[in-house]
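# A closer look at the structure
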Amino acid sequence: MREPGELTIALEEGFTGQHVVVVVDGDVVLDDPEVRTRLQIGLARSVPVPLSEGDHAIGVRVDGIERLDIRVDAGVTRWVRIDRAADGGLHAVTGSGLRGYA
């Protein structure tokens, strides 16, 4: 197995002061009582998580919203983008390329 890489979990659009908890493989990597999207850059929080290659479970809890659970392969996936969808739920997109912000 290779050295741990880094997965970036980015909370982006639609957060307006909610309590957010992000759990990776059972470990809390973010517990923030007031997550708010910065409208200028479309980003609320970015959390770098060192992970070994392989399959990992990510859970995102936001007060008053159904929990989002996804699995990622850290050998391929470099970032996960979490948005509040128009219906109020959570939506995730993953990618392997570079991701930048203004």
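Shown above is the structure to which this text applies.
Because the structure is a prediction, the values reported are computed rather than measured.

### Comments concerning the overall build of the chain
Each helix and strand in the chain was counted, giving 0 helices and 8 strands. Each helix and strand of the chain, placed in order from N terminus to C terminus, yields the pattern β-β-β-β-β-β-β-β. On C-alpha atoms alone, the chain measures out to a radius of gyration of 13 Å, which is about the 13 Å that the 2.2 N^0.38 rule sets for 102 residues. Referenced to the eigenvectors of the C-alpha coordinate spread, the extents of the chain come out at roughly 40 × 30 × 20 Å. Out of the 102 residues in the chain, the part that is buried amounts to 38%. Taking as baseline every contact in the chain between residues at least 6 positions apart, the subset at least 24 positions apart corresponds to 49%. Seen as two clouds, the 11 positive and the 17 negative side-chain charges of the chain have centres 4 Å apart.

### Let's talk about the sheet that holds strand β1 (residues 5-11)
Ordered in space as β4-β1-β7-β8, the 4 strands form an open sheet in which the pairing is mixed. Whereas interior strands pair on both sides, the edge strands pair on one side only; in this sheet they are β4 (45-51) and β8 (90-95). Between one strand and the next, the sheet's axes are offset by a mean angle of 20°, whatever the strand orientation.

### Examining the sheet that holds strand β6 (residues 68-73)
Spatially, the 4 strands line up as an open sheet ordered β3-β2-β5-β6, and their pairing is antiparallel. Each of the sheet's edge strands pairs with one partner strand only, and the pair in question is β3 (27-36) and β6. In this sheet, neighbouring strand axes are inclined to one another by 20° on average, regardless of whether the strands run parallel or antiparallel. Summarising the sheet, strand β2 (residues 16-24) and strand β5 (residues 55-62) pair through 5 bridges and their orientation is antiparallel. By the bridge assignment, Val 20 is partnered in β5 with Val 62.

### Some details on the pairing of strand β7 (residues 79-84)
Here β1 pairs with β7 via 4 bridges, running parallel. Bridging from a neighbouring strand, Ile 9 pairs with Val 80 of β7. Relative to β8, β7 runs antiparallel, the two being bridged by 6 bridges. Bridge assignment links Val 80 to a residue of β8, and that residue is Thr 94.

### Thoughts on the environment of Gly 95
Relative to the helices and strands, Gly 95 resides in strand β8. For Gly 95, a relative accessible area of 12% corresponds to the buried category. For the pair formed by Gly 95 and Ala 85, sequence separation is 10 residues and the distance between their alpha carbons is 18 Å. Here Gly 95 is in contact with Val 76, Thr 77, Arg 78 and Trp 79, once residues within four sequence places are set aside.

The rules we used
Residues numbered from 1 in each chain as written. Predicted model: local features only at pLDDT ≥ 70, side-chain atom pairs only at ≥ 80, totals over all residues. Heavy atoms only, no water. Helix = DSSP H or I, 4+ residues; strand = E, 2+ residues; numbered from the N terminus. Rg over C-alpha atoms; globule rule 2.2 N^0.38 Å. Buried < 20%, exposed > 50% of the residue type's maximum accessible area, 1.4 Å probe, protein only. Contact = heavy atoms within 4.5 Å. Lys, Arg positive; Asp, Glu negative; His and termini not counted. Charge placed at Lys NZ, Arg CZ, Asp CG, Glu CD. Pairing = 2+ DSSP bridges. Axes fitted to C-alpha atoms, helices over the stretch in contact; angles between N-to-C directions.

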